Amino acid sequence: MSQEPSDADFNAMLKRSLRAEGIAVIERMEQDTTQALCSDPAFLNSPAGKQKAEHIQQSNWMAIKAPSDGRYIGDWKRGEAIAQSGRGGTWADSGKEPSGGGCYNCHQIDRKEIAYGTLGPSLWNYGKQRGYSKEVITYTWNKIYNAKAYQACSSMPRFGHLHLLNQQQMQDLMGLLLDPRSPVNE
Amino acid sequence: MTAHTLRLRLGLGLRLGLGLGLRLGLGLRLGLGLRLGLGLCLGLWLCASAGWVFAQSSTEDITQYRDMLSDSNPAELYIAAGEDKWNTPAGPKKTNLKYCDLGLGAGKLEGAAAQLPRYFKDTDRVQDLESRLMTCLSQLQGISEQSIIDAPFGEGPKKDLNEIVAYVVSRSKGAIIKVSTQHPKEQAIYALGKKAFYTQAGPYDFSCASCHSQDAKRIRLQELPNLTSPAGAAQAWGSWPAYRVSNGEFWTMQHRLNDCLRQQHWPYPVYGSDLTIALSMFMAVNANEGLYQAPGLKR
C-alpha cells in the first residue's frame, strides 16, 4: 500500500516533531551504522543486509575493551542493585547519578525477584549452568559491554560501548551472574 | 448548565472518583496481595512517579479489577465533564463545539473516533483526535493551540481537552475501527509512521519495535502488545484513551506515546506533532477491523 518515504521527508518530520528536553538532546537522533542497519528490517533480511550485519558485528566486536585492571568479577550485592535499577538517561533524569542497568526489565535473574521482564532469556543459575571458565567469563563481559558484537540487531542495549554503565558497574554485574556465591547460582 | 454548577458537579464527581479509587486500591492490596511498588518502581523505566506494582500477572489483576468495577470505569467522570464542555459556550468566542467536524460532518460524533486519524481538507493534513480537537477549540472557541500544546499533561487546557476526548470516544464505543488509507496524505503518513516505528536511535538503541514487535513479551510485569500484528494493534489502539489505575489519571494516546518515547530515551515529542500522528496512523491502520472499546481501564 505505502511507498517508502524519502529520507528528506522523514527527517523533516522528526525535526518538526521532536525537541530537546533536559539531557535528552536532539543529537540523540543521529544514528550510528548499527542503528541505521537495524532500523530497516526489509534490508536486514536480504542477502546484502545479512552481509552488512556481519560487517557491523565485526566493528562492534573490535571496539570491546577488557577491564583495565584485569578484574572481571565484582561485588554481586552491588550488582543486584544495578540490575534492579532502571533509572537514568531519560529526559526525566538529571544525568548526575550513574544509570542503572535495568536488567530485570528484560531478564529473570535472581528468581526471588518475581517482577522480571521476558524480552531477554532467563539468567537464573547463569554461572552454575555454564561454569566459571575463562571463556564463559570473557563471553559474558563482552555481551554486557556490547551485545551487538554477537548479534548485530540484538535488542539488548550496548552498556559498555555506549557508556551506559561504567567499568565498576559492569564488574559488579559480572559478580551477580558469575560469582559462585551469588544467589543467582544457588 | 452554568459554569458554576458545572464546576460543582465536576468537583463532586472527581472527589467521588478519588474515594472509589482509594477504596478499591485498598481492597485490592489486601485481597490480591499487591505490593506497593516503591522499591520495585526504581527499577522501571515506566515508573516516573511511584505507583502500584502488581504482584501477579498484570493482566490477571487488571481483569479482576475490571470485574470489581463491573461497568463503572472512573473514566465516566471525564466523559460527563467532556459532554458539558462540548455543549457549553466557552473560550474568547463564547461558542460551544457543536460545529466541530471530526470527519463525519459538523457535530457528528457517532463512530467518528473509530475512524481517526484521517485527512482533513480544511487543515490539509492528517489529524488524530487530539490534534483535530485542538483545531476545533481554536477555530470555534478562539482558544490558542499553543496554549494547549504547552500545558503540562492533565492540567489546564490539556485537562479540558482530556475530558472532551473522553466524551468523543465514548460515542464510538463498540464501533469497528475503520481508518482510511485512500487519500495520498493518509498513505504518506502511514508510511512515515511505519518507518518511525522501526527507527532505532538514542543511547539505548531503542525503537518502538524493540518492545512492541513480538507476541507475549513483558517489561517487568507489564505486558507488551505486539503492535505489528492486527490482534495486538487492535487490542492496544482500541483501548486508548484510558483511565490508569496506577496513578488515577486519564491518559490520551498522546500521553501514552509521550511516556513510551521517554522510556525509549528519545528527545521530547511535541504534543500533536506529525511524528505522534504518524505512529498513531501506523497502529490504527494495523488495528483496522478490530473493536473500538475506548475509554479503557489500564494498570
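Before any of the text, the structure's been laid out above.
Reading the values: the criteria
- Residues numbered from 1 in each chain as written.
- Chains lettered and ligands numbered in written order.
- Predicted model: local features only at pLDDT ≥ 70, side-chain atom pairs only at ≥ 80, totals over all residues.
- Heavy atoms only, no water.
- Helix = DSSP H or I, 4+ residues; strand = E, 2+ residues; numbered from the N terminus.
- Buried < 20%, exposed > 50% of the residue type's maximum accessible area, 1.4 Å probe, protein only.
- Contact = heavy atoms within 4.5 Å.
- Areas by Shrake-Rupley, 256 points an atom, 1.4 Å probe, with all protein chains shown as cover.
- Axes fitted to C-alpha atoms, helices over the stretch in contact; angles between N-to-C directions.
- Parallel < 35°, antiparallel > 145°, perpendicular 65-115°, else oblique.
- Left-handed = near helix turned anticlockwise from the far one by under 90°.
- Pairing = 2+ DSSP bridges.
- Salt bridge = Lys/Arg side-chain N within 4 Å of Asp/Glu carboxyl O.
- Polar contact = N/O pair within 3.5 Å; in protein donor to acceptor, adjacent residues only side chain to side chain.
- Nonpolar A, V, L, I, M, F, W, Y, C, P; charged D, E, K, R; others polar.
- Phe/Tyr/Trp six-rings, centres within 6.5 Å; stacked < 30°, edge-to-face > 60°.
- Core = buried A, V, L, I, M, F, W, Y, C linked by side-chain atoms within 4.5 Å.
- Disulfide = S-S within 2.5 Å.

Colleague: I'd like a rundown of the overall build of chain A, residues and numbers included.
Modeller: A tally of regular secondary structure across chain A gives nine helices and one strand. Starting at the N terminus, the α and β elements of chain A follow one another as α-β-α-α-α-α-α-α-α-α. In terms of overall dimensions, chain A has C-alpha extents of about 55 × 40 × 35 Å along its principal axes. Here chain A holds 186 residues, and the buried ones make up 49% of them. Partitioning the intrachain contacts of chain A with sequence separation of at least 6 by distance along the chain shows that 58% fall at a separation of at least 24. Entry remark: accessible area of chain A is about 9600 Å², with carbon and sulfur atoms responsible for 53%.

Colleague: Could you give an account of the packing of helix H8 (residues 134–145) of chain A against helix H9 (residues 167–178) of chain A, naming the residues involved and the relevant values?
Modeller: Residue and element names in this part refer to chain A. For the pair H8 and H9, interaxial distance at closest approach is 10 Å and the crossing angle is 130 degrees. By the criterion of interaxial angle, the relationship of H8 to H9 is oblique. Crossing hand, H8 versus H9: right-handed. For the pair H8 and H9, contact is made by Val136, Ile137, Thr140, Trp141, Ile144 and Tyr145 and by Gln167, Met170, Gln171, Leu173, Met174, Leu177 and Leu178, respectively.

Colleague: Give a description of the sheet that holds strand E10 (residues 296–298) of chain B that names residues and reports values.
Modeller: Residues and elements named next belong to chain B. With respect to topology, three strands assemble into an open sheet ordered E8-E7-E10, the strand pairing being mixed. Each edge of the open sheet is held by one strand with a lone partner, namely strand E8 (249–251) and E10. Put simply, the sheet's adjacent strands are angled 30 degrees from each other on average, direction ignored. Note that strand E7 (residues 242–244) and E8 share three bridges and pair antiparallel. Residue pairing in the sheet places Tyr243 in a bridge with Phe250 of E8.

Colleague: For the interface of chain A and chain B, give the residues involved together with the corresponding values.
Modeller: Facing 53 residues of chain A, the contacting portion of chain B comprises 47 residues. Measuring nitrogen to oxygen at the nearest pair gives 3.7 Å for the salt bridge that ties Glu113 of chain A to Arg220 of chain B. For the pair chain A and chain B, the interface holds 20 residue pairs in polar contact (both at pLDDT 80 or more). Ranked by the residues each element gives to the side of chain A that touches chain B, the list is headed by helix H1 (residues 7–17) of chain A, at seven residues. Residues of the side of chain A that touches chain B, tallied by class, amount to 24 nonpolar, 18 polar and 11 charged.

Colleague: So what's going on with the packing of aromatic side chains? Residues and values would help.
Modeller: Any pair of aromatic rings gets described here by the distance separating the centres and the angle formed by the planes. Following the criterion strictly, the structure yields 12 aromatic pairs over all chains and no others. Ring plane angle 35 degrees and centroid distance 6.4 Å describe the contact between Trp141 of chain A and Tyr145 of chain A, whose orientation is recorded as tilted. On the criterion of helical spacing, the pair formed by Trp141 of chain A and Tyr145 of chain A is a turn pair, its members being four residues apart in helix H8. Aromatic side chains Tyr78 of chain B and Phe250 of chain B sit 5.0 Å apart centroid to centroid with 20 degrees between the ring planes, which places their arrangement in the stacked category. Taken together, the positions of Tyr78 of chain B in helix H4 (residues 75–87) and Phe250 of chain B in strand E8 put the pair 172 residues apart, joining distant regions of the chain. Phe250 of chain B carries the same exposure label as Tyr78 of chain B, and that label is buried. Put simply, the rings of Tyr190, Phe197, Tyr198 and Phe282 of chain B touch in pairs and so form one group of aromatic residues.

Colleague: Can you explain the side chain of Gln35 of chain A? Please cite residues and give values.
Modeller: Structurally, Gln35 of chain A is set in helix H2 (residues 33–38). Taking relative accessible area as the criterion, Gln35 of chain A reaches 4% and is therefore assigned buried. Not counting residues up to four positions away in its chain, the partners in contact with Gln35 of chain A are Glu30 and Arg158 of chain A together with Gln200, Ala201, Gly202 and Asp205 of chain B.

Colleague: Kindly report on the nonpolar core, identifying the contributing residues and their values.
Modeller: Counting residues in each nonpolar core, the largest one holds 75 residues, and the members touching the most others are Trp86, Leu102 and Leu133 of chain B. Those residues in contact with Leu133 of chain B that sit more than four places away from it in its chain are Trp86, Cys100, Leu102, Leu161, Ile164 and Val165 of chain B.

Colleague: Can you break down the packing of helix H10 (residues 230–237) of chain B against helix H12 (residues 274–286) of chain B residue by residue, with the values?
Modeller: Packed helix pairs are characterised by how far apart their axes lie and by the angle those axes make with each other. Residue and element names in this part refer to chain B. Contact pair H10 / H12: the axes reach a minimum separation of 7 Å and the direction vectors enclose 115 degrees. As for the relative orientation of H10 and H12, their crossing is left-handed in sense. Every residue of H12 that contacts H10 at Pro230, Ala233 and Trp237 is listed here: Ser280, Met283, Ala284 and Asn286. Of the residues assigned to the contact of H10 with H12, the class counts are five nonpolar, two polar and no charged.

Colleague: So what about the state of the cysteines? Which residues, and what values?
Modeller: This model, assessed by the stated rule, comprises two disulfides over all chains. At a sulfur-sulfur separation of 2.0 Å, the disulfide partner of Cys38 of chain A is Cys153 of chain A. Because the torsion about its S-S bond is -85 degrees, the bridge between Cys38 of chain A and Cys153 of chain A counts as left-handed. Here Cys153 of chain A lies in the loop between H8 and H9 and Cys38 of chain A lies in helix H2, a separation of 115 residues in the sequence. Look at Cys153 of chain A and you get partly exposed, because its relative accessible area is 25%. Each sulfur of the disulfide joining Cys100 of chain B and Cys136 of chain B lies 2.0 Å from the other. With the S-S bond torsion at 80 degrees, the cross-link from Cys100 of chain B to Cys136 of chain B turns out right-handed. Here Cys100 of chain B is found in the loop between H4 and strand E3 (118–120), whereas its partner Cys136 of chain B is found in helix H5 (residues 129–141), with 36 residues between them in sequence.

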